[in-house]
Amino acid sequence: MYEEVKHPCIQHKLALIRDVGSGHKIFRELATEITMFVCYEALKNIRLKDVDVETPLAVAKCQMIDEDIVVVPILRAGIGMLDAILSLIPSARVGFVGLERDEETALPTTYYKKMPRQIRDGISIIVDPMLATGGSTIAAIRMLKEQGAERILVVCIVTCPEGLKAVGDAYPDVHIYTASIDPELNDKKYIVPGLGDAGDRLYGTI
Ligand code: PRP
Ligand code: URA
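Thresholds, definitions, all that
Residues numbered from 1 in each chain as written. Chains lettered and ligands numbered in written order. Predicted model: local features only at pLDDT ≥ 70, side-chain atom pairs only at ≥ 80, totals over all residues. Heavy atoms only, no water. Helix = DSSP H or I, 4+ residues; strand = E, 2+ residues; numbered from the N terminus. Rg over C-alpha atoms; globule rule 2.2 N^0.38 Å. Buried < 20%, exposed > 50% of the residue type's maximum accessible area, 1.4 Å probe, protein only. Contact = heavy atoms within 4.5 Å. Areas by Shrake-Rupley, 256 points an atom, 1.4 Å probe, with all protein chains shown as cover. Lys, Arg positive; Asp, Glu negative; His and termini not counted. Charge placed at Lys NZ, Arg CZ, Asp CG, Glu CD. Salt bridge = Lys/Arg side-chain N within 4 Å of Asp/Glu carboxyl O. Axes fitted to C-alpha atoms, helices over the stretch in contact; angles between N-to-C directions. Parallel < 35°, antiparallel > 145°, perpendicular 65-115°, else oblique. Left-handed = near helix turned anticlockwise from the far one by under 90°. Phe/Tyr/Trp six-rings, centres within 6.5 Å; stacked < 30°, edge-to-face > 60°. Lys NZ or Arg CZ within 6 Å of the ring centre and 35° of its normal.

## Quick look at the overall build of the protein
Thought 1: Each helix and strand counted, the protein has six helices and 15 strands in total.
Thought 2: Relative to the 2.2 N^0.38 estimate, which gives 17 Å for 206 residues, the radius of gyration of the protein is 17 Å and therefore close to what a compact globule would have.
Thought 3: Overall size of the protein, expressed as C-alpha extent along the three principal axes, is 60 × 40 × 30 Å.
Thought 4: Within the protein, the proportion of its 206 residues that are buried is 46%.
Thought 5: Across the protein, the fraction of contacts at a sequence separation of at least 24, relative to all contacts at a separation of at least 6, is 63%.
Thought 6: When the accessible surface of the protein is totalled, it reaches about 10900 Å², and 54% of it is carbon and sulfur.
Thought 7: Seen as two clouds, the 23 positive and the 29 negative side-chain charges of the protein have centres 3 Å apart.

Okay, here's the thing in structure tokens:
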């Protein structure tokens, strides 16, 4: 399952973040802004609870978020989306998965993992700007499922049909939200036109 979140503000920011002339400061700001828009949509069905709030005039019947949410950025580039999602859900807990793609095979290797102990009952949200072959996302989903996570969402900025198919075939129950579905992967398994290497662009390591 996937959803391409389209909105004029997202389209505008995608044009800017794709631009090879956008340096790491601008790239980071745009990644945060786009993530906010996509997460806003991804969170539209989370559970609420009724609460009574006293205004200066009367009691208002209100609703507040009633879910235990764990955000899981895939290192490194996923860290560029973390502040945005935490500003929407400040009470979320955070798990980390360190994955690095091999430059030749494009297969991910795990170099770090630190998850909150209890992730069974809430929603786990994996964040990574790029879902290319899907290998890194599939590895992160597998780790979460091994720890008992049942409701998993993925939020990315750019993906492509090949990656969506790979994740969908492996985990049809996981819903993916993205700002863009680009046409294809190139022979180095980079998304085209894409953003280039998101980690390098976020952190100025080009
Ligand atoms: C990038 C990106 C994803 C992965 C996507 O990370 O941030 O994690 O590649 O590719 P895939 O869908 O084919 O697995 P990379 O391994 O380059 O590490 P980095 O975040 O440290 O730059
Ligand atoms: N990783 C990136 O940073 N970009 C891609 O297009 C593919 C993998």
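## Quick word on the pattern of salt bridges
Thought 1: A full pass over the atoms with the stated rule returns 15 salt bridges.
Thought 2: Residue E67 pairs with R151 through a salt bridge whose shortest N-O separation is 2.8 Å. Of this pair, E67 sits in the loop between β3 (59–65) and β4 (69–75) while R151 is found in strand β10 (residues 151–155), placing the two residues 84 residues apart along the sequence.
Thought 3: Residue classification places E67 among the buried residues on the basis of a relative accessible area of 10%.
Thought 4: Take R151: its relative accessible area is 34%, and that puts it in the partly exposed class.
Thought 5: The salt bridge involving D68 is made with R93; its shortest N-O contact spans 2.6 Å. Of this pair, D68 sits in the loop between β3 and β4 while R93 is found in strand β5 (residues 93–94), placing the two residues 25 residues apart along the sequence.

## Some thoughts on the packing of helix α1 (residues 8–18) against helix α2 (residues 24–42)
Helix-helix packing is described using two parameters, namely the angle between the two axes and the distance between the axes.
Thought 1: Where α1 meets α2, the closest approach of the two axes is 10 Å, and the angle between their N-to-C directions is 155 degrees. In terms of axis orientation, α1 runs roughly antiparallel to α2. Our pair here, α1 against α2, has a crossing hand that is left-handed. Taken together, the residues of α2 that come into contact with α1 (itself represented by C9, I10, K13, L14, L16 and I17) are F27, L30, A31, E33, I34, F37 and V38.

## Side note on the packing of aromatic side chains
Thought 1: What the rule picks out here adds up to zero aromatic pairs.
Thought 2: The side chain of R101 reaches across the aromatic face of Y190, ending 5.2 Å from its centre.

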